[in-house]
Amino acid sequence: MSTPNKDLAKVEVRLKWDPSRPGTPAHDLDIIAGTYPADEPYGSPAYLVHFDSRSPDGTILLNRDSRTGQGLGFDEVMTLELNRLSTAYARVVVGVAIQQRDGRRTFDDIASTGVQIREGYKNLAEDDFSSVGGATAATVAEFVRDGSGGWEFHGAVRGFDGDPGSFAATMGSRTPGT
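Note that the structure is predicted; figures quoted are calculated from it, not measured.

### What about the pairing of strand β5 (residues 76–81)?
Of all 6 residues in β5, 6 are buried, a share of seventy percent or more. Burial along β5 is two-sided: E76, M78 and L80 facing one way and V77, T79 and E81 facing the other are all buried. Relative to β5, strand β1 (residues 10–16) is paired through 6 bridges, and the arrangement is antiparallel. Bridge pairing in β5 links V11 to L80. Relative to β5, strand β4 (residues 60–64) is paired through 4 bridges, and the arrangement is antiparallel. In the sheet register, R64 faces β5, and the bridge partner there is V77.

Laid out in structure tokens, this is it:
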């Protein structure tokens, strides 16, 4: 899923999944973005963006939020305006977490999952989470500011096990190559 794309400006992360069967609790997947400061890019996030929130400067926001997966096409969409993000930030990690309020659910438990990362009409990456089927959450994209101030995309789906809160706290702690 990795590509050598550089100098990204405005990126969309799009998520889809099929609704649960009638009579069963709804599947609720969420896109979460963590923004990391330039002086500590692998520490704690400076802030998180997820449902019911946006970045303080408006550069990262969740345009569409679904709690059921019902709808046509992509059910949840987050926009990242990397070209407007302050130079105080050097890294943005984006992940997907499955809400666990009705019992433990993994990507294997949810039909037709998919994530797509796009800049304009160009697909940077797509994945169906099959490589992390037993996970309850996964990182799907990492955007890193290079020496000239531009942004590079690194796509790698990495699975995590835990609830959305613990995932959000640790999703950016992995350094490249781990």
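From this point, the narrative continues.
### Description of the packing of aromatic side chains
Here the structure, examined in full by the defined rule, presents 4 aromatic pairs. Here Y47 and Y89 contribute two aromatic rings whose centre-to-centre distance is 5.5 Å and whose plane-to-plane angle is 85°, an arrangement assigned as edge-to-face. Here Y47, found in strand β3 (residues 47–49), pairs with Y89, found in strand β6 (residues 89–98); they are 42 residues apart in sequence, far enough to count as distant. In this pair, the class of Y47 matches that of Y89, namely buried. Ring plane angle 70° and centroid distance 5.0 Å describe the contact between F160 and F167, whose orientation is recorded as edge-to-face. Grouping residues by exposure puts F160 and F167 together as buried. Over the ring of F74 we find K16; its NZ or CZ atom is 5.5 Å from the centre of that ring. Seen from the ring of Y36, R91 lies directly overhead, with NZ or CZ sitting 5.1 Å from the centre.

### Quick notes on the sheet that holds strand β8 (residues 122–127)
On the basis of which strands lie adjacent, the open sheet formed by 5 strands has the order β4-β5-β1-β7-β8 and antiparallel pairing. Only two strands of the sheet have a single partner each, and these edge strands are β4 and β8. Sheet twist, expressed as the mean angle between neighbouring strand axes with direction ignored, is 20°.

Parameters at a glance
Residues numbered from 1 in each chain as written. Predicted model: local features only at pLDDT ≥ 70, side-chain atom pairs only at ≥ 80, totals over all residues. Heavy atoms only, no water. Buried < 20%, exposed > 50% of the residue type's maximum accessible area, 1.4 Å probe, protein only. Helix = DSSP H or I, 4+ residues; strand = E, 2+ residues; numbered from the N terminus. Pairing = 2+ DSSP bridges. Phe/Tyr/Trp six-rings, centres within 6.5 Å; stacked < 30°, edge-to-face > 60°. Lys NZ or Arg CZ within 6 Å of the ring centre and 35° of its normal. Axes fitted to C-alpha atoms, helices over the stretch in contact; angles between N-to-C directions.

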